[in-house]
Amino acid sequence: MKKELVEVVSQKEIARHIFELKVQGNVVNEMTSPGQFVHIRVTDTFQPLLRRPISICDVDLESRTLTMLYRKEGTGTALLSQKKEGEKIDLLGPLGNGFPLDELSQGQTALLVGGGIGVPPLYYLAKKLCSQGINVISVLGFQSGDDGFYSEKFAELGEAYVSTVDGSQGTKGFVTDVIKNKDLHYDLLYSCGPTVMLKALELQVPAANGFFSLEERMGCGIGACFACVCHVNGGLPSDYVKVCSDGPVFPIGEVVL
Amino acid sequence: MKRLEVSLPGLKMKNPIMPASGCFGFGREYAGLYDLSVLGAAAIKAATVEARFGNPTPRVAETHSGMLNAIGLQNPGVDQIMEKELPFLKSYDLPIVANIAGSTEEDYCEVAEKMSSHPQVSVLELNISCPNVKEGGIQFGTDARTAAALTKRVKAVSSKPVYVKLSPNVANIAEMAIAVEEAGADGISMINTLLGMRIDLKTRKPILANKTGGLSGPAIKPVAIRMIHEVSQAVSIPIIGMGGVSCAEDVIEFMLAGASAVAVGTANFVDPFICPDIISQLPELLEKMNVSHIRELIGGSWRECEVPSLSR
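Residues numbered from 1 in each chain as written. Chains lettered and ligands numbered in written order. Predicted model: local features only at pLDDT ≥ 70, side-chain atom pairs only at ≥ 80, totals over all residues. Heavy atoms only, no water.

As recorded by an unreviewed UniProt entry, chain B carries the name Dihydroorotate dehydrogenase and is attributed to Fictibacillus marinisediminis. Quoted verbatim from the Function (unreviewed entry) heading of the UniProt record, the comment on chain B is "Catalyzes the conversion of dihydroorotate to orotate with NAD(+) as electron acceptor." (UniProt positions renumbered as here; feature names shortened; annotations may be inferred.)

An unreviewed UniProt entry annotates chain A as Dihydroorotate dehydrogenase B (NAD(+)), electron transfer subunit of Fictibacillus marinisediminis. Check the Sequence similarities (unreviewed entry) section of the UniProt entry for chain A; it says "Belongs to the PyrK family." You can read under Pathway (unreviewed entry) in the UniProt record for chain A the words "Pyrimidine metabolism; UMP biosynthesis via de novo pathway; orotate from (S)-dihydroorotate (NAD(+) route): step 1/1."

Following this line, the structure appears as structure tokens:
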């Protein structure tokens, strides 16, 4: 984990309010585990105060380039979306623990299920798994076609399906509908997205074995502030895990969603 | 560097900077970033008798130049902290301020007695100002007689100096300070967070699951400065000043107001390297201000001025 002023290489809006930001810096050399995240300070002032956790979407170690996808939602991400090529960004990372890559062997199949802004970390995961000879099936869920992104890029790595709530692209409905309708078979599930989606996966794909990446409002990002804690399934009421430093990736069933 | 050394009851500090309780975990989290021995001291997260999960999430919300938190004193309990957390800090040259909390006077005494017996603990910080728990915390910190009675009992069982962390959520903070001083407190920490709330326009509901939370960060600095300025003139025990400290200049301002040491809280979340950065910037700032030792600054805003005035 390092703090570094990284340089913006490019920034563009690739879907409605979804931005693709590429930055370059030495710290990128450490970003080898998909599912980890970085913590970005979007301004030199104290408005807004806190850093923004943003997942690692893709890494090119050769050019020391990190790709991040984020949704412009509030003041912080609005300021981030204004950063231009050549500008410096205060980045802390990589933080947290990523998706385990040694759970599958060559020829086995991983199902990657992403919802909205939970899709980006799965892209780096898909690339890593593919490079290990693991088959990747991706299911990406969005509100509508206008909100969708990266489906072609996932398709380059294996079977890829899209679901949209309004039906404007892919299957009308949710990611769970795709899994049922297409009767997808797999050895391990990896997912990142809103908690309601993870919950639905846990309930509707009961035999699911794999890993979830959780989202929670964070303070420090390094485990010091105890803002992003979760209860542990089957533990004492006082047992907890911190999403930022114990996660954000947890085995399915380990934490209470 | 000797120029930054300050001495408070139980705390011989190489510089006046310490991370504030609740903002530094148990030190581990920052140990991977820098050598903790550079710090003057460190205040660790509050300990209670039993392990506490704390409040439901979301527990933080941003405000203008500040943040609200409602963690709710989450901690693994005093025994676990002494056995599993404190040993980690042993290898650092770092006085430890152990923050203690409870629901009853008996709870506080139990934690105080245990914690103060630990060889690594330098002083206790009596937390009577957490605004985020229903029982304990702030209920002890808003009435002078209750605060004094608790201080007295904790002093009686503690083998280490006791600092009382005061709440700004009172009408008369000097009265609180005087009461705990008379009850035997060795020092005062101030200020804890200001009770606040934010409402989400979309849901029309409070953002925090706990509804209210404690406001911290640069937004509260002027309140802290005013209160330290007032309290430091009303008591003779030293003050560890805190509340929105985020740069070396802020440290000077807190010391001029009357603080003998300064704790950095929320700014650690904005920049985890803020404490070592401030420490390294202080000598140059003192040079610029023509101050030969940092302790000369303590209470400089109200003490009889020893420096010739520039304007007359």
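After presenting the structure, the write-up continues.
### Considerations on the confidence of the model for chain B
Residue and element names in this part refer to chain B. Put simply, chain B has an average pLDDT of 94, and 96% of its residues get 70 or more. Within the model, the stretch residues 308-312 combines pLDDT values under 50 with 0 contacts to residues more than four positions away or in other chains. Overall fold confidence for the complex sits at a pTM of 0.94, while the interface term, ipTM, reaches 0.93. (pLDDT = per-residue confidence, 0-100. Contact = heavy atoms within 4.5 Å.)

### Looking at the pattern of salt bridges
Taken as a whole, this structure holds 24 salt bridges over all chains when the rule is applied. In this structure, Arg71(A) engages Glu73(A) in a salt bridge whose closest nitrogen and oxygen atoms are separated by 3.0 Å. When the shortest N-O distance is used, the salt bridge between Lys12(B) and Glu5(B) registers 4.0 Å. Taking relative accessible area as the criterion, Glu5(B) reaches 25% and is therefore assigned partly exposed. (Salt bridge = Lys/Arg side-chain N within 4 Å of Asp/Glu carboxyl O. Buried < 20%, exposed > 50% of the residue type's maximum accessible area, 1.4 Å probe, protein only.)

### Overview of the sheet that holds strand 9 (residues 135-142) of chain A
Residue and element names in this part refer to chain A. The sheet built from 7 strands is open, its strands ordered 11-10-9-8-12-13-16 with mixed pairing. Only two strands of the sheet have a single partner each, and these edge strands are strand 11 (171-172) and strand 16 (249-251). Where strand 13 (residues 210-213) lies against strand 16, 3 bridges are found, and the strand directions are antiparallel. When the sheet's bridge partners are listed, phenylalanine 212 is paired in strand 16 with phenylalanine 250. Relative to strand 12 (residues 188-192), helix 5 (residues 195-204) is tilted by about 160°, and along the sheet it contacts strand 8 (109-115), strand 12 and strand 13. (Pairing = 2+ DSSP bridges. Helix = DSSP H or I, 4+ residues; strand = E, 2+ residues; numbered from the N terminus. Axes fitted to C-alpha atoms, helices over the stretch in contact; angles between N-to-C directions.)

### Regarding the UniProt feature "binding site: [2Fe-2S] cluster" (unreviewed entry) in chain A
Residues and elements named next belong to chain A. With numbering matched to this structure, UniProt assigns "binding site: [2Fe-2S] cluster" (unreviewed entry) to Cys220, Cys225, Cys228 and Cys244. The largest pairwise C-alpha distance within this set of annotated residues, which runs over 25 residues, is 10.1 Å, so the set is compact in three dimensions. Topologically, cysteine 228 is positioned in the loop between strand 13 and strand 14 (229-231). Counting through the fold element by element, cysteine 244 comes out in the loop between strand 15 (240-242) and strand 16. Those residues in contact with cysteine 244 that sit more than four places away from it in its chain are Phe37, Gly96, Met218, Gly221, Ile222, Gly223 and Cys228.

### Notes on the nonpolar core
Among the nonpolar cores identified, the biggest contains 145 residues, and Leu11(B), Leu36(B), Met115(B), Ile188(B) and Met190(B) are the most heavily contacted of them. For this core, the element with the most residues is helix 10 (residues 274-288) of chain B, which contributes 7 residues. Ignoring anything within four residues of it in the chain, the contact list for Leu36(B) reads Phe24(B), Gly27(B), Tyr30(B), Ala31(B), Leu89(B), Tyr92(B) and Leu94(B). Residues Leu104(A), Ala110(A), Leu112(A) and Leu129(A) belong to the second largest nonpolar core, which totals 28 residues. (Core = buried A, V, L, I, M, F, W, Y, C linked by side-chain atoms within 4.5 Å.)

### Quick look at the UniProt feature "binding site: substrate" (unreviewed entry) in chain B
Using the residue numbers shown here, the UniProt feature "binding site: substrate" (unreviewed entry) corresponds to Lys45(B), Asn69(B), Ala70(B), Ile71(B), Gly72(B), Leu73(B), Asn127(B), Asn192(B) and Thr193(B). The topology assignment puts Asn69(B) in strand 6 (residues 66-69). Leaving out residues up to four positions away in the same chain, Asn69(B) has contacts with Arg59(B), Val60(B), Asn132(B), Thr193(B), Gly213(B) and Gly214(B). There is a polar contact of 3.3 Å between the side chain of Asn69(B) and the backbone nitrogen of Ile71(B). One can find Ile71(B) in the loop between strand 6 and helix 2 (78-85). On the accessibility criterion, Ile71(B) (8% relative accessible area) is buried. With residues up to four places along the chain from it excluded, the contact list for Ile71(B) reads Cys225(A), Phe226(A), Ala227(A), Lys45(B), Gly54(B), Asn55(B), Arg59(B) and Asn132(B). (Polar contact = N/O pair within 3.5 Å; in protein donor to acceptor, adjacent residues only side chain to side chain.)

### Here we look at helix 8 (residues 248-257) of chain B
Residues and elements named next belong to chain B. Extensive coverage of helix 8 is indicated by the burial of 7 of its 10 residues. Those residues of helix 8 that fall on the buried side of the exposure criterion are Ala248, Asp250, Val251, Ile252, Phe254, Met255 and Ala257. Looking at the buried residues of helix 8, the elements they touch are strand 1 (6-8), strand 3 (17-19), helix 7 (221-234), strand 13 (239-242), strand 14 (261-264) and helix 10. Glycine 258 sits one or two positions beyond helix 8 and adopts a positive phi of about 135°.

### So, the sheet that holds strand 5 (residues 60-63) of chain B
Within a sheet, adjacent strands bond to each other through the backbone by hydrogen bonds, running parallel or antiparallel. Residue and element names in this part refer to chain B. The 4 strands are arranged 5-6-12-11 in an open sheet whose pairing can be described as antiparallel. Bordering the open sheet on either side are strand 5 and strand 11 (194-197), each of which pairs with just one other strand. With strand direction ignored, the average angle separating the axes of adjacent strands in the sheet is 40°. Here 3 bridges tie strand 6 to strand 12 (residues 212-216), and the two strands are oriented antiparallel to one another. By the bridge assignment, leucine 68 is partnered in strand 12 with leucine 215.

### Notes on the pairing of strand 9 of chain A
Residues and elements named next belong to chain A. With 7 of 8 residues buried, strand 9 is to be regarded as a mostly interior element. Looking at chain direction, strand 8 and strand 9 are connected through 7 bridges and run parallel. Of the residues in strand 9, the one forming a bridge with leucine 111 is isoleucine 137. Relative to strand 10 (residues 159-164), strand 9 is paired through 6 bridges, and the arrangement is parallel. Residue serine 138 lies in a different strand from strand 10, and its bridge partner there is alanine 160.

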